[in-house]
Amino acid sequence: MAELASQTVIVQEEDIFFFCPNCGKSMVIDVRAVGLAVDCPNCRFEVEVPAESQEAPPAGALVPPGTEGGDRSAELRKALEVAQNDMQRLSAHLFDVTKRRRYLEKLRAAHIRQMEQISAHMQSLHAAMEGITAVLREAAREEPADEG
Ligand SMILES: [Zn+2]
């Protein structure tokens, strides 16, 4: 198996220009290498050097970043558009959630005030209960006979 040399190659007329069928990486090799198996420098996939130069990466190949053609940028534009729509939808949703959160915070503050009021009333009630209990205890201790 021959290893492909450096990244900067001067392409000769008789060189074979081809693509890795696995990852789409472009490669150039001397015409004498036709039919030989070479390792893709990008993904290490074993590629047989074709008899003729190829024009485009094979269908289904993963095109490495920075080498995409026109179709790819159209795809990216479409993806960007979808992402922007998602962003708008999420922003609107965030606005709703923020509004709802503010409402719930107000509600919670009101509940806290009510709980404080209830707590104050409970304390009065507790004090009253203690007073009543004390009176009842006193009443139970007193023997009716003592009074006569
Ligand atoms: Zn590859």
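All figures in this text were calculated on a predicted structure; none of them were measured in a lab.

S.K.: Whenever I open this one, the nonpolar core confuses me. Can you help?
M.R.: Note on soluble globular proteins: their nonpolar side chains tend to be buried together. Residues Ile16, Phe18, Phe19, Cys20, Met27, Ile29 and Val47 constitute the largest nonpolar core, which totals seven residues. Elements represented by at least two residues in this core include exactly strand 2 (16–19) and strand 3 (26–29). The element that contributes the greatest number of residues to this core is strand 2, accounting for three residues.

S.K.: For this particular structure, what's the right way to read the environment of aspartate 15?
M.R.: Within the secondary structure, aspartate 15 is located in the loop between strand 1 (2–3) and strand 2. The spacing of aspartate 15 and methionine 27 is twelve residues in sequence and 10.0 Å in space, taken between C-alpha atoms. When residues no more than four places from it in sequence are discounted, the contact partners of aspartate 15 are Val28, Ile29, Asp30 and Val31.

S.K.: Help me understand the pairing of strand 3 in this model?
M.R.: The side chains of a regular strand alternate, first on one face of the sheet and then on the other. Side chains Met27 and Ile29 of strand 3 all project onto a buried face; the interleaved residues Ser26 and Val28 project onto a face where none is buried. Where strand 2 lies against strand 3, four bridges are found, and the strand directions are antiparallel. In the sheet register, phenylalanine 17 faces strand 3, and the bridge partner there is valine 28. Counting the residues in the hairpin turn of strand 2 and strand 3 gives six residues, including glycine 24, whose phi is positive at 85°.

S.K.: What should I look at first to understand unusual backbone geometry in this one?
M.R.: Note on backbone geometry: most residues besides glycine have negative phi, and most peptide bonds are trans. Its identity is not glycine, yet arginine 44 carries a phi of approximately 65°, on the positive side. Looking at the secondary structure, you find arginine 44 in the loop between strand 4 (37–39) and strand 5 (46–48). What makes arginine 44 exposed here is the crowd of 11 C-beta atoms within 10 Å.

Criteria and cut-off values
- Residues numbered from 1 in each chain as written.
- Predicted model: local features only at pLDDT ≥ 70, side-chain atom pairs only at ≥ 80, totals over all residues.
- Core = buried A, V, L, I, M, F, W, Y, C linked by C-beta atoms within 7 Å.
- Buried ≥ 20, exposed ≤ 12 C-beta atoms within 10 Å, placed from the backbone.
- Helix = DSSP H or I, 4+ residues; strand = E, 2+ residues; numbered from the N terminus.
- Contact = placed C-beta atoms within 7 Å.
- Pairing = 2+ DSSP bridges.

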